Amino acid sequence: MVSRVIPVDSFDLVIFGGTGDLARRKILPGLFRRYCAGQVPPEAKIIGAARSEMSVEEFREMVRASIEEFGSTPHEPGQLSSFLERVHYEAVDATGDDGWEALKSHLRDDTIRAFYFSVGPSLFGAIAERLRDKGLADAESRIVVEKPFGHDLASAKSLNATLAQHFDETQIYRIDHYLGKETVQNLMAVRFGNMLFEPLWNSQYVDHIQITVAETVGVGGRGSYYDKSGAMRDMVQNHLMQLLCLIAMEPPAKFDPDAVRDEKLKVIRALDPVEPHHMVRGQYAAGGDEEGYRVHVENEKSRTESFVAMRVNISNWRWAGTPFYLRTGKRLRARTSEIAVVFKDAPHSIFGADAGRHRNVLSIRLQPNEGMTLDVTIKEPGPGGMRLVDVPLDMTFADALGPDTEAVPDAYERLIMDVIRGNQTLFMRGDEVEAAWAWTDPIIEGWEARGDVPKPYDPGGPGPEDSLMLLHRDGRRWREIKA
Ligand code: NAP
């Protein structure tokens, strides 16, 4: 059931931050999986770059250990060793002048060059500048930029301007790994590949939409970064916004990068400012064996939110009158990401009041168990009259794909292959990121101006009580957070 693997053209990929957490957990194991799947050509080169002095053998050993720890895949004997032969390393300080010539000597002419900026955002400008000045990048080269892309509109604009001095927009790949998830792309396939849903996909038939991204973990070792960011900047401005766009956008004329991104941009620009009473912020309290948020971030007066819920309205013809409820948080009951499209009640029940209230819900699960469920109302089997019951039509992708599920690339793998292919559809364009910040900034500024203090909430639950009230007031309720 998994589609054929089409090898990409040969490439030289430089990973700045090749020794870092993201490279070790995602990028390098992902490249190995694509290599084993036959998508990475045997002559491709992967070059790690970071400040640490390290021999190529030491770096290869680190890559081997990372692959074994974070995502080995069934492979032929010798495949890991042959992959490691493709791997090289150069010590380069992004802010200095040494090491660039040696790095350049790895790069071949007439081969796609991609540079992955897997380093802190403060280094993006320095690397972009040196890639150009020192002649490593040409007009065909691609750069891959990790999140966070800015901290607010001003910093995002400044970052876009810096990158634009050295690279054309068509060369810049801003990663939001949510867009690389199989189910997220399926969202577009479901919406625009079926006649069934699109006629109903509007405020006439959809009561409301819920987008939930829940985590069970706390801030972990990222406390100091997270406390300056919070759920709004870390999750809503990027991941939830992207999901909202894909759910709400108009059908693009074709599946091409700018056509898709133009439609997403229109959604962001149609978002209303969010009223203060349509937002709830929370901070997880201590619970179980774990301390609360403020201890985790070592800031006993922190006003940063580890949870946010909000009601968002889109002012356009399709969606006026249909609220979108967004919610994300840490230390919640389960790790789950779900989009639920809740359809309106049938206009008239021929079964009488006793039949109760039944609604069709299309729920799209991003994790775990990627898949979709459509709740449909049927007659409860057996005697006893006409009683109705909602049953799920379940399409769990793992079931549908069977033993081939292993072959489905994870988000990072897919996105890196898209970079090599030169396909920007699943990457954020500069104006999109800026529009998202332009909507986010006033929300955060409002919290700061009002001195808003997040509500404490118990770990392992659904978040603060006020978040439940946000929907109760509208006569609705959140779907249960469950794995
Ligand atoms: P990390 O573990 O701190 O790694 C940073 C890497 O950058 C290391 O390889 C470090 O190696 C290198 N580095 C630091 N300063 C450098 C310099 N001046 N010149 C060259 N290399 C330098 O960070 P990370 O978690 O991998 O994150 C990397 C980026 O991805 C960040 O922008 C982060 O926000 C983003 N991101 C990470 C994750 C994740 O799961 N980790 C998820 C989403 C986004 P040396 O110290 O040897 O130079």
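Residues numbered from 1 in each chain as written. Predicted model: local features only at pLDDT ≥ 70, side-chain atom pairs only at ≥ 80, totals over all residues. Heavy atoms only, no water.

Chemist: I would appreciate a short explanation of the overall build of the chain in the present structure.
Modeler: A tally of helices and strands in the chain yields 15 helices and 15 strands. Expressed along its principal axes, the backbone C-alpha trace of the chain runs to roughly 75 × 55 × 50 Å. Sorting the 483 residues of the chain into buried and exposed places 53% on the buried side. Of the roughly 21,400 Å² of accessible surface on the chain, a fraction of 51% belongs to carbon and sulfur atoms. Taking the 58 positively charged and 73 negatively charged side chains of the chain as two groups, their mean positions are separated by 4 Å. (Helix = DSSP H or I, 4+ residues; strand = E, 2+ residues; numbered from the N terminus. Buried < 20%, exposed > 50% of the residue type's maximum accessible area, 1.4 Å probe, protein only. Areas by Shrake-Rupley, 256 points an atom, 1.4 Å probe, with all protein chains shown as cover. Lys, Arg positive; Asp, Glu negative; His and termini not counted. Charge placed at Lys NZ, Arg CZ, Asp CG, Glu CD.)

Chemist: Explain the UniProt feature "active site" (unreviewed entry) in the chain here, please?
Modeler: Here the UniProt-annotated "active site" (unreviewed entry) positions come out as His-239. One can find His-239 in helix H9 (residues 230-248). With residues near it in sequence (within four places) discarded, His-239 still touches Lys-147, Asp-176, His-177, Tyr-178 and Asp-234. (UniProt positions renumbered as here; feature names shortened; annotations may be inferred. Contact = heavy atoms within 4.5 Å.)

Chemist: Teacher, can you tell me more about the site of the ligand here?
Modeler: Taken together, 21 residues surround the ligand, and among them Thr-19, Asp-21, Arg-25, Ser-52 and Val-119 come closest. One of the backbone N or O atoms of Ala-94 is found 2.8 Å from a nitrogen atom in the ligand. Across the complex, the protein chains shield 73% of the 890 Å² of accessible surface that the ligand would expose by itself. Each residue belonging to the shell around the ligand can be placed in one class, and the counts come to nine nonpolar, six polar and six charged. (Near = heavy atom within 4 Å. Polar contact = N/O pair within 3.5 Å; in protein donor to acceptor, adjacent residues only side chain to side chain. Nonpolar A, V, L, I, M, F, W, Y, C, P; charged D, E, K, R; others polar.)

Chemist: Hey, could you run me through unusual backbone geometry in this one?
Modeler: One can expect most non-glycine residues to show negative phi and most peptide bonds to be in trans. That bond from Lys-147 to Pro-148 is cis: its omega, 5°, falls within 30 degrees of zero. Locating Pro-148 in the fold gives a position in the loop between strand S5 (142-145) and helix H6 (153-166). A cis amide bond links Gln-367 to the next residue, Pro-368, at an omega of -10°. Structurally, Pro-368 can be placed in the loop between strand S12 (361-367) and strand S13 (371-379). Unusually for a residue other than glycine, Glu-298 sits at a positive phi of about 50°. Locating Glu-298 in the fold gives a position in the loop between helix H11 (293-296) and strand S9 (307-312). The residue Arg-331 is not glycine, and still its phi comes out positive at about 55°.

Chemist: What is the right way to read the side chain of Arg-311 from this model?
Modeler: For Arg-311, the position within the fold is in strand S9. You can call Arg-311 buried: its relative accessible area is 18%. Among the polar contacts listed, one links the side chain of Arg-311 to the side chain of Asp-474, at a separation of 2.8 Å.

Chemist: I would appreciate a short explanation of the UniProt feature "binding site: NADP(+)" (unreviewed entry) in the chain in the present structure.
Modeler: As annotated by UniProt and renumbered to match this structure, "binding site: NADP(+)" (unreviewed entry) occupies Gly-17, Gly-18, Thr-19, Gly-20, Asp-21, Leu-22, Ala-23, Arg-24, Arg-51 and Lys-147. Tracing the backbone through its elements, the reader meets Ala-23 in helix H1 (residues 21-36). For Ala-23, a relative accessible area of 0% corresponds to the buried category. For Ala-23, the residues in contact, after removing those within four places along its chain, are Ile-15, Gly-17, Gly-18, Leu-28, Pro-29 and Ser-118. Mapped onto the secondary structure, Arg-24 falls in helix H1. Since its relative accessible area comes to 26%, Arg-24 is described here as partly exposed. Not counting residues within four places of it along the chain, the set of residues in contact with Arg-24 comprises Thr-19, Pro-29, Met-62, Ser-66 and Phe-70.

Chemist: Would you explain the sheet that holds strand S4 (residues 112-117) in this entry?
Modeler: Strand pairing in a sheet is mediated by backbone hydrogen bonds. Such pairs are either parallel or antiparallel. With parallel pairing, the six strands of this open sheet are ordered in space as S3-S2-S1-S4-S5-S6. Only two strands of the sheet have a single neighbouring strand rather than two, namely strand S3 (87-91) and strand S6 (172-174). The mean inter-strand angle of the sheet, taken between neighbouring strand axes irrespective of direction, is 20°. Two strands pair when backbone bridges link them, and S4 and S5 are joined in this way by four bridges, in the parallel orientation. Note that in S5 the partner of Ala-114 across the bridge is Arg-142. (Pairing = 2+ DSSP bridges. Axes fitted to C-alpha atoms, helices over the stretch in contact; angles between N-to-C directions.)

Chemist: Hey, could you run me through the side chain of Ser-203 in this one?
Modeler: For Ser-203, the location among the structural elements is in the loop between helix H7 (182-193) and strand S7 (206-214). When neighbours within four sequence positions are excluded, Ser-203 is seen to be in contact with Trp-317, Arg-318, Trp-319, Ala-320, Thr-322 and Lys-344.

Chemist: Before we go on, may I ask you to explain the environment of Lys-45 in this structure?
Modeler: Secondary-structure assignment places Lys-45 in strand S2 (residues 45-50). Its relative accessible area of 16% is what places Lys-45 among the buried residues. The sequence separation of Lys-45 and His-106 amounts to 61 residues, and the corresponding C-alpha distance is 8.2 Å. A distance of 2.6 Å separates a polar atom in the side chain of Lys-45 from the backbone oxygen of His-106.

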